[in-house]
Amino acid sequence: MPELPILYIKPGCPWCEDVVTFLKKKKVAVKTMVVSGNPDAMREMVALSNQTKAPTMDWHGEVLADFGVEELVPFLEEKGAI
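A quick note: this is a predicted structure, and the numbers were derived from the prediction, not measured.

A. Highlighting the packing of aromatic side chains. Using the criterion set out here, one finds zero aromatic pairs in the structure. When the ring centre of Phe75 is taken as origin, the NZ or CZ atom of Lys79, which lies over that ring, is 4.3 Å away.

B. Inspection of unusual backbone geometry at higher detail. Here the residue pair Ala54 and Pro55 is connected by a cis peptide bond, since its omega of 5 degrees sits within 30 degrees of zero. Relative to the assigned elements, Pro55 resides in the loop between helix H2 (39-49) and strand S3 (56-59). Positive phi, close to 60 degrees, is recorded for Asn50, a residue that is not glycine. Inspection of the secondary structure assignment puts Asn50 in the loop between H2 and S3.

C. The arrangement of a negative patch on the surface in detail. On the surface, a cluster of negative charge is contributed by Glu17, Asp18, Asp66, Glu70 and Glu71. Among the elements of the structure, helix H1 (14-25) and helix H3 (69-79) are those that each provide at least two residues to the negative patch. Inspection of the secondary structure assignment puts Glu70 in helix H3.

D. Spatial organisation of the pattern of salt bridges. This structure, assessed with the given rule, holds three salt bridges. Two residues, Glu62 and Lys79, come together in a salt bridge whose shortest N-O distance is 2.9 Å. Of the two residues, Glu62 sits in strand S4 (residues 62-65) while Lys79 sits in helix H3, which places them 17 residues apart along the sequence. Across the pair Lys79 and Glu78 runs a salt bridge whose closest N-O atoms are separated by 2.8 Å. The exposure class assigned to Glu78 is exposed, which follows from its relative accessible area of 59%. Each of Glu62, Glu78 and Lys79 takes part in one network of salt bridges that share partners.

The rules behind these values
Residues numbered from 1 in each chain as written. Predicted model: local features only at pLDDT ≥ 70, side-chain atom pairs only at ≥ 80, totals over all residues. Heavy atoms only, no water. Phe/Tyr/Trp six-rings, centres within 6.5 Å; stacked < 30°, edge-to-face > 60°. Lys NZ or Arg CZ within 6 Å of the ring centre and 35° of its normal. Helix = DSSP H or I, 4+ residues; strand = E, 2+ residues; numbered from the N terminus. Patch = residues over 30% accessible without salt bridge, like charges linked within 9 Å, V, L, I, M, F, W, Y side chains within 5 Å. Areas by Shrake-Rupley, 256 points an atom, 1.4 Å probe, with all protein chains shown as cover. Salt bridge = Lys/Arg side-chain N within 4 Å of Asp/Glu carboxyl O. Lys, Arg positive; Asp, Glu negative; His and termini not counted. Charge placed at Lys NZ, Arg CZ, Asp CG, Glu CD. Buried < 20%, exposed > 50% of the residue type's maximum accessible area, 1.4 Å probe, protein only.

Right under this line is the structure:
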């Protein structure tokens, strides 16, 4: 079974909360990584996206950074996830 896509989030981030709620509603499985207080996860996210803003998603090598649900929908549709 392939690894799950990774969603990098920060607690208290309204865009992160909206994205997590949307993914649960659509039953899209992801591995969630909290970057606040986790220097390794933050470095990983920055290395992937060249920025520090969340949410950021790594979908098997394709990165969507600093997005909201509006940007996530076409990204997931392109992947056939929704």
